[in-house]
2 protein chains.
Amino acid sequence: MTEDIFDLAKRRKTVRKFSLRPVDWKEIIKVIKTACQAPSGANSQPWRFLIVTDTETKRRIRKACEQGEKEFYSNVNGELREWLLRKELNCRKPFLEEAPFLTFIFSEKKAPYSIQSTWLAIGYILLMIEKLGLGTVTYTPSIAKDVLNILDVPEGYRLEVILPIGFSADEKAKELRFKFNEVTYINSWGRSPKISN
Amino acid sequence: MTEDIFDLAKRRKTVRKFSLRPVDWKEIIKVIKTACQAPSGANSQPWRFLIVTDTETKRRIRKACEQGEKEFYSNVNGELREWLLRKELNCRKPFLEEAPFLTFIFSEKKAPYSIQSTWLAIGYILLMIEKLGLGTVTYTPSIAKDVLNILDVPEGYRLEVILPIGFSADEKAKELRFKFNEVTYINSWGRSPKISN
């Protein structure tokens, strides 16, 4: 059974389209309880979770995000722009209305290593979501100001990500990954391992 | 079996003391292969891994880190200083020599969301390490310059963390965590869930 974290990680892919099949609250609670067990800088536990199920709130969030993306996309260029175009990503974020649950994850700005700790916990979350047979995408709005207003988020917290959570209706294949020995060195930079993939 | 990611996360605690028991290379490879499956901004896979087993390199790394901590600790104050004192943390980092493997994790600075993506992958790594019965601590040197020099790390990469990996000889209990409903809101900030822990 030592392989199954690897298997989960390998199987897990980004989901941007969700089925109408409802998700039990209990599953969402399990996901967040898992995140709460992560380590954090000075054990500050800088994460906060806000779960949105309300239809009207989701609609407003989607609108605010899509507006923000339009602003952002009109300014982006270089490699990232090319990638976005190639992947046919655009300003539309229908998953923000379609997923039964939206989980907003915030970090407390003044906590030590708050971004790092919160994203480590998001790693825990993604594996738990996969384990439960659910899907998500780590969507970070390019411009978060209106989202923070809609949700009454106080000063001092940063929106790290919105995770729409639901059953997948996304048939896209997983993006390819580098192989182990393409990103790993032994004892000094540039010295690749003589170990098979 | 849907509970076992939560169980792993709950059981997992920081390990700062390591036993002399050797660790198989195969285990370290599994750990990194798991990280390589994580999602990343624009699928840039900004992570790089450098595994150090060489005794002399470990000794130099430890010395550089301890020197950096001395500089850092002489300037730190406020809540973080109090926490460090209370936890009896200090400039000594013996685990950098004692653990059989040191895994250095870097992020490519120019990749989109490189810090976030790399720490998400570190979340995957911690669960895999726990699954294998091994332990680690997410140690980020306060001053990384000398470490980067020792390892010949080129410009453009940031040291995110050093993970010493080995079998635990650390008897300290896990730090307490907030309960689910202390860090979770429903539909709007400040509205806590009426759901038992």
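Thresholds, definitions, all that
Residues numbered from 1 in each chain as written. Chains lettered and ligands numbered in written order. Predicted model: local features only at pLDDT ≥ 70, side-chain atom pairs only at ≥ 80, totals over all residues. Heavy atoms only, no water. Pairing = 2+ DSSP bridges. Helix = DSSP H or I, 4+ residues; strand = E, 2+ residues; numbered from the N terminus. Axes fitted to C-alpha atoms, helices over the stretch in contact; angles between N-to-C directions. Contact = heavy atoms within 4.5 Å. Buried area = accessible area lost by both parts, 1.4 Å probe. Salt bridge = Lys/Arg side-chain N within 4 Å of Asp/Glu carboxyl O. Polar contact = N/O pair within 3.5 Å; in protein donor to acceptor, adjacent residues only side chain to side chain. Nonpolar A, V, L, I, M, F, W, Y, C, P; charged D, E, K, R; others polar.

> Can you help me understand the sheet that holds strand β1 (residues 47-52) of chain A in this one?
Hydrogen bonds between backbone groups are what pair the strands of a sheet, and the pairing can be parallel or antiparallel. Pairing is mixed in the open sheet, where 4 strands are placed in the order β3(A)-β2(A)-β1(A)-β4(B). Both outer strands of the open sheet, β3 (157-165) of chain A together with β4 (184-186) of chain B, are each paired with one neighbouring strand and no more. Strand-to-strand, the axes of this sheet are offset by a mean angle of 20°, without reference to chain direction. Judged from the 3 bridges that link them, β1(A) and β4(B) form a sheet pairing that is parallel. Looking at β4(B), one finds that A:F49 is bridged to B:T184. Against the sheet, helix α2 (residues 25-35) of chain A touches β1, β2 (101-108) and β3 of chain A together with β4 of chain B, its axis set at about 170° to β1(A).

> Help me understand the interface of chain B and chain A, please; the structure alone is not making it clear to me.
Frequently, the measure chosen for interface size is the accessible area removed from exposure when the parts meet. Every contact between the two is made by 77 residues of chain B and, on the other side, 77 residues of chain A. Buried area between chain B and chain A, both sides added, is near 6900 Å², and the carbon and sulfur share of it is 65%. Together, B:Q37, B:N187 and B:W189 form the three largest contributors to the area buried by chain B at its contact with chain A, with a combined 12%. In this assembly, chain B and chain A are joined by 2 salt bridges. A salt bridge links A:D4 to B:K131, with the shortest nitrogen-to-oxygen separation between them at 3.5 Å. The interface formed by chain B and chain A contains 32 residue pairs in polar contact (both at pLDDT 80 or more). Listing elements by their share of the side of chain B that touches chain A, those giving two or more residues are α1 (4-11), α2 (25-35), β1 (47-52), α4 (79-86), α6 (114-131), β3 (157-165) and β4 of chain B. Looking at which element gives the most residues to the side of chain B that touches chain A, the answer is α6(B), with 11 residues. When the residues that make up the side of chain B that touches chain A are grouped by side-chain class, the tally is 43 nonpolar, 18 polar and 16 charged.

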